[in-house]
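Survey of secondary and tertiary structure
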Amino acid sequence: MSEGLARTVGILALSEFVDRGHLPDKVASLFKSGATFNTWLHLAERFIKETAPPRMRELGELRDSIRLIELLRKIKDVRNDSSHAHGVRAAHQLEEEAEALEPLVVSALVTANWLSTIQWDWVEHCEYLDESSYLLTGRRLRGSHLDWEAFERSSTYPMRPGRLYAGTDTTAETGQPVDLTPLGVVRICPQCHAYELFLIDLVRGGEITLRSLEEHSVRVTQSPATTEGGGGDESMSD
């Protein structure tokens, strides 16, 4: 649960550093050995030091209070102490670790309650109605719901099919959502046979590996088509 929280906050922070549809080399270098808890924490810490207004209004909550960052740091320290321990852990040691982690994770979830207001929209179709009206259909994930829900709604601006957007209708000033390409995709997982959210995990050369919380992965080969809004070659694996 703490890993998922750190990954979600880190992805949203990372979206502030990435031009839409483009992954700069300096960002890609953070993922050359695979994302860790510390990778996401580092991105969140970098974000709160920025002064430019965030595109997503909810991220103001992350910048206004360092409480969440402090809790994630403490969780990381407990996890590191466990991973660096030698030998097989005794049952009482695991219980002590769980007791130390539980209040930290609960406090972090409460502090990050603003995440429940963010909608994750996977746009499947964007139908042109007239010069200022579009009909969107796709799948939506919200903090208050555990599964992807089908949606259909109108929009005053077009959104590219096959892309994942965050903060729909809640972003600052423009009211437009943040395009998370190439940081995240939604696919029907062949192992789970259900829609899964895959977030960036590893970058090597022109290939990006994205991983879900179920530890399944999808590999996307970056190409000019991907950068400009089309699809890239991809495969899925455990």
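Attention in this report is confined to the structure presented alongside it. (Residues numbered from 1 in each chain as written. Predicted model: local features only at pLDDT ≥ 70, side-chain atom pairs only at ≥ 80, totals over all residues. Heavy atoms only, no water.)

**Quick notes on the environment of Met159**
Within the fold, Met159 resides in the loop between strand E3 (149-155) and strand E4 (163-166). You can call Met159 buried: its relative accessible area is 4%. Expressed as a C-alpha distance, the spacing of Met159 and Trp122, which sit 37 residues apart in the sequence, is 10.0 Å. For Met159, the contacting residues outside a window of four places in its chain are Val123, Cys126, Leu136, Arg153, Tyr165 and Pro177. (Helix = DSSP H or I, 4+ residues; strand = E, 2+ residues; numbered from the N terminus. Buried < 20%, exposed > 50% of the residue type's maximum accessible area, 1.4 Å probe, protein only. Contact = heavy atoms within 4.5 Å.)

**Points about unusual backbone geometry**
In this structure, the amide linkage connecting Thr181 to the following residue, Pro182, adopts the cis form with an omega of 5°. Of note, Pro182 is situated in the loop between strand E5 (178-179) and strand E6 (184-189). Positive phi, close to 60°, is recorded for His193, a residue that is not glycine. Tracing the chain through its elements places His193 in the loop between E6 and strand E7 (194-204). Overall, His193 belongs to the exposed group, its relative accessible area being 66%.

**What to know about the sheet that holds strand E1 (residues 119-130)**
With antiparallel pairing, the five strands of this open sheet are ordered in space as E3-E2-E1-E4-E5. Unpaired on one side and paired on the other, E3 and E5 mark the two borders of the sheet. Here E1 pairs with strand E2 (residues 133-142) via 10 bridges, running antiparallel. The residue bridging Trp122 from the neighbouring strand is Arg139, located in E2. (Pairing = 2+ DSSP bridges.)

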